[in-house]
Every structure is written in structure tokens, then in C-alpha cells.
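Results of the structural survey
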Amino acid sequence: MEKTVGEQTVGIALLGTGVVGRGVIDILAQQRDLLRSRTGLTIEVRSRVCRDPSKYEDDETGIKATTNIADAIGDPKTGIVVEVMGGIDAPRHAISAALAAGKHVVTANKALLAAHGAELFELAKKHGVSIAFEASCGGGIPIIDALTRGLVANRIDALIGIINGTCNFILTQMAQNGWTYADALKEAQRIGFAEADPTMDVSGRDSAQKLAILATLAFNQQVSETDIALTGIDTLKAEDLQFVDDLGYVIKLLGIGERVEGQLALRVHPTLVHKGDLMSDVSGGFNAISVYGHAIGHQFFYGRGAGQTPTASAVVADILGVAMGTIPHAFERLNVFHGRLKKARALPADQMESRFYLRATTQDTPGVLAGMTQALARHGISIAAVHQPEIAAGTKHVPIVVTTHKASEGAMQKALAEIDAMKSVQAPTVFLRILERPAEFG
Ligand SMILES: NC(=O)c1ccc[n+]([C@@H]2O[C@H](COP(=O)([O-])OP(=O)(O)OC[C@H]3O[C@@H](n4cnc5c(N)ncnc54)[C@H](OP(=O)(O)O)[C@@H]3O)[C@@H](O)[C@H]2O)c1
């Protein structure tokens, strides 16, 4: 394929023919006429790579499956290599080989980009080809296109997202059905929403990898996963979802990137979102991303963050964008994501500020609340509200729920250490952050 296209038929090599790969094959087959009428192009799947071709011998696509990655990439009629295998080492090797062979690459692999994006983007530049990665963040939501094209006129001041559908599904089940984390996870696994090993999702790492990609594009600084302060959802207690509900909130796992006085505050954590906020209605496997641009104000992107056809929709859009030349052109012009971007100046976690929700487990004795408020006051933290649910007489441990005004993580950690050292406090105090949206034209 010419590097900036023009011909009618474009050959692709599909590395991976699982959930997403099969979705790509189906869209290209079923919407062949629509795509041709919109773009003048026919996309031909010239090869289809997997680990075990016997699984695909009798499928109705009629496209032979192979294990030979080198032949698929080397095919002279293949101009675009589409990596939808997942993993790190095999796709890193395959993409490097494709770029070195002068082939454009489309990938859905956020884990790979988070770990080796800078190296691969540099390699693409070196060989005069491009890498498209719309499906790596937010599934079918065209957020990469928005950040690199639609919102290009804006200085982005903040980006806030629900970017992991598995966690959002689990949190929704916990909130709506009163389930424990363990039960909600089991259900997510039963219906195929969570993997057998859910660690990447529930630890928040998947969200951090996506935030690293989005923040790099949004803030024009090289953000790594390690720049991001991380807390997962795996220690959340059902009772906190109940308490926050009473206070008018839901809990969402948010990825947040914000400019704070020349630095970037980057974090992923379970967050209280007020029920009046758009994010609070993002349920189940859906994703949503708020972007704050200096010119556009607040923009809200919402849609399916994963799944076969939504993800394949983004991959096919990338294939066509590459084939039409728009993505290679943008890739060439925009200084996104390669070695020349400055490393992000990440704000240390203890300096990040939030409002907080605290739940202490205490003995039902006088003076406990006073002790907590004094500990908070010693570190300059002021209380917004206190809530002590009525409990049955004779109950040994009672919860005290406190919400605070804005404070730094560092101050809160010191206050918590003092609270937990109180004799009457029976278990480590639970603390969660509360979402405060930035000013729209900040
Ligand atoms: N599924 C989603 O909703 C979704 C959403 C956004 C992004 N993504 C990303 O899309 C990528 C693919 O996900 P998926 O859900 O489609 O995965 P999947 O269903 O597990 O499919 C993976 C495919 O790649 C093949 N494969 C894996 N390792 C290989 C290797 N070393 N050599 C050759 N073939 C190999 C597999 O072969 P076999 O068929 O022989 O096993 C299979 O066909 C991942 O990076 C994922 O993070 C997925």
C-alpha cells in the first residue's frame, strides 16, 4: 500500500481472530457496500493469525487461519497490520516487524502501548508509517480521534473517565443489588464480563494504562503508568456503597488527570460521584469520559467501553482512517506520543487534593467523634458533614461517617494514622475520595 493511499482495495493482516478480530471480519463483510460507498475503499482481509488454526477450520468466514505472523506481515498486498492478539511480547515483536517492513499498524492493545508506546511510536516515525489505536481506550468511543483532531484547538485542563467496564459492572451490581464485592465479581465472571484472573481490571491497572494513553494525548506530556497514583476496587465494602447512597452518592472507579499549577495530578481510585452528576448514571459495562478544554468547556463522551462490535467499530474506523490517509497524515504532523514529548511532571500523591469520605468503626463510647474531629483539625482538615446511623442497642461496633472539605492526601494520611491509633477505633478507617469537578472554563 502507498503510505498515503488512493487505491480501491487495501489488504490487511489480522493478527488475532478472537473476540475483536472476529468483530472486525464481520463488520468488513457485512458493511462492505456501506464502507465502499463512504470511502471508496474495499478492505480485504488477506490473512488471519491465531495460535490454534484448528478452531477456525469450519467457520463461515472462509478466511484461512494461520500461525505464521511473518508471512502475514510480509505479504506484499498487505498494507495495514491489525494487532488484536493482546499480550505484550508477541505483539511488540510483531508490530516492530510490521513497522520495519513499512506497514501501517492498527492496535487495540492498551497494555502494550502503556508499556512500550513511546518506543513503537518512534519506530513508526522512523519508518514513515503510523500507528492507530482508537480501540485501546474507551472501546467504541472515539476519544482518541476527539483528543487528536476534534479538540485539537483546546488546551485540555482535565480529563475524568470511567474507563474500565468490568469495574463499572461490578460497582453497579454492588450498588443496585446490595451485593458484596466477591459476589458481584463472581457474577461478572459468570457472564464473561470479567476474566478468570480479574487482577488487571479490579486493581485499577487497566484504567491506569488507559489513563496514561489519554493523558499523554490530552496534556502533551509523556505520561507513564507509574506516574499514576492507583487504588483498585477490590477492597471496597458493600456497606460503604450503602452509606454513600444515603449521602446522595454512588461509587465509580475514575481515572483522573488534571493540570495543577504546572504539574499533572494523575490518579485512579474508587470515587464518590454525586447522584446529580452525569457520571453517576454510567452503569454496567458502559464507559464515559469528561474532557475540559479551555475553549470548548466540558465535553462528555459516553458509550460501550468494550465488547465485540463496539471495539471492532473503532478498529475498522482506524483501518479506514489509515487507508484514506487521514491517520498517517495526522500521525506525521502531530507530535503525539513519541520520544520528543517531555516527560510528565507528575504531582506527588501526597500533594493531591480531594474532598474525602471517612468511615470509622468505633466503640459506642462518648468522646469518639470529638477525638476524630480533633485529629482532622490538627491537620487543617475541616468537616463538611457527620453521619452516625442509628444502631440497635447493645451493638458492639458503630460506624461514624464523615465527609470533609478539600484536603491533601498527605494531611489526610497523617490524620488517619492518629484516628486509627485511638483506643476506641476498632478497625482501619475506610477513606474514599469525592469527585469535585473542575471549573468549566478554568
Ligand atoms: N474484548 C474486548 O472487548 C476488548 C476491548 C478493547 C480492547 N481489547 C483489546 O483487543 C485485543 C484482543 O482482545 P480479544 O478480546 O479479541 O482477545 P481474544 O478473544 O483472546 O483473542 C486473541 C486472539 O489472538 C490470538 N493470539 C493470541 N496470542 C497470539 C500469539 N502469540 N500468536 C498468534 N495469535 C495469538 C488468539 O489465537 P487463538 O484464537 O488461537 O487463541 C486469538 O485469536 C487485546 O489487546 C485487548 O486488550 C479488547
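Residues numbered from 1 in each chain as written. Predicted model: local features only at pLDDT ≥ 70, side-chain atom pairs only at ≥ 80, totals over all residues. Heavy atoms only, no water.

1. Points about the site of the ligand
Inclusion rule: A molecule or strand has a residue near it when one of that residue's heavy atoms lies within 4 Å. In the analysis that follows, any N or O atom pair within 3.5 Å is treated as a polar contact, provided that within protein one partner can donate a hydrogen and the other can accept it, and provided that, for residues neighboring in sequence, both atoms belong to side chains. The classification used treats Ala, Val, Leu, Ile, Met, Phe, Trp, Tyr, Cys and Pro as nonpolar, Asp, Glu, Lys and Arg as charged, and all other residues, Gly among them, as polar.
The environment of the ligand is made up of 22 residues, and the closest members are Val20, Arg51, Asp52, Tyr56 and Gly307. Backbone polar atom of Arg51 to an oxygen atom of the ligand: 2.9 Å apart, as the coordinates give it. When its residues are assigned to classes, the shell around the ligand shows eleven nonpolar, seven polar and four charged.

2. Quick notes on the environment of Gly150
What counts here: Numbering of helices and strands runs from the N terminus, with a helix taken as a DSSP run of H or I at least four residues long and a strand as a DSSP run of E at least two residues long. Only protein chains enter the area calculation, which uses a 1.4 Å probe; residues under 20% of their type maximum are buried, those over 50% are exposed, and those in between are partly exposed.
Within the element layout of this structure, Gly150 appears in helix H6 (residues 143-150). For Gly150, a relative accessible area of 57% gives the class exposed. A C-alpha to C-alpha distance of 27 Å links Gly150 and Val273, two positions 123 residues apart in sequence.

3. Quick word on the sheet that holds strand S4 (residues 78-83)
Two orientations exist for strands paired in a sheet by backbone hydrogen bonds: parallel and antiparallel. For clarity, the cut-off: Strands qualify as paired when DSSP identifies two bridges or more between them.
An order of S3-S2-S1-S4-S5-S6 is seen for the six strands of this open sheet, with the pairing classed as parallel. Looking at which strands have only one partner, the edges of the open sheet turn out to be strand S3 (65-66) and strand S6 (131-132). In this structure, strand S1 (residues 9-15) lies alongside strand S2 (residues 42-49), joined through seven bridges in parallel fashion. Pairing of Leu14 across the sheet is with Arg48, part of S2.

4. Let's talk about the domain arrangement of the protein chain
Selection rule: Note that the domain bounds were set by an automatic or database domain assignment. Two residues form a contact once any of their heavy atoms are found within 4.5 Å. As a working definition, buried area equals the accessible area (1.4 Å probe) given up by two parts on being put together, with both sides summed. Should a side-chain nitrogen of Lys or Arg be within 4 Å of a carboxyl oxygen of Asp or Glu, the pair is scored as a salt bridge.
Domain annotation for the protein chain reports domain 1 (9-139 + 310-333), domain 2 (143-304) and domain 3 (350-441). Taking only C-alpha atoms into account, the centre of domain 2 sits 24 Å from that of domain 3. Taken together, the contact between domain 2 and domain 3 spans 34 residues of the former and 22 residues of the latter. In this assembly, domain 2 packs against domain 3 so that about 2,200 Å² is buried in total across both faces, 62% of it on carbon and sulfur atoms. Remark: the boundary between domain 2 and domain 3 carries three salt bridges. For Asp240, the salt bridge goes to Arg359, with nearest N and O atoms at 2.6 Å. Here domain 2 and domain 3 share ten residue pairs in polar contact (both at pLDDT 80 or more) between them. For the side of domain 2 that touches domain 3, the secondary-structure elements that each account for two or more residues are strand S7 (156-162), helix H11 (238-247), strand S9 (249-260), strand S10 (263-274), strand S11 (286-293) and strand S12 (297-304). A total of eight residues in the side of domain 2 that touches domain 3 trace back to one element, the largest contributor, which is S10.

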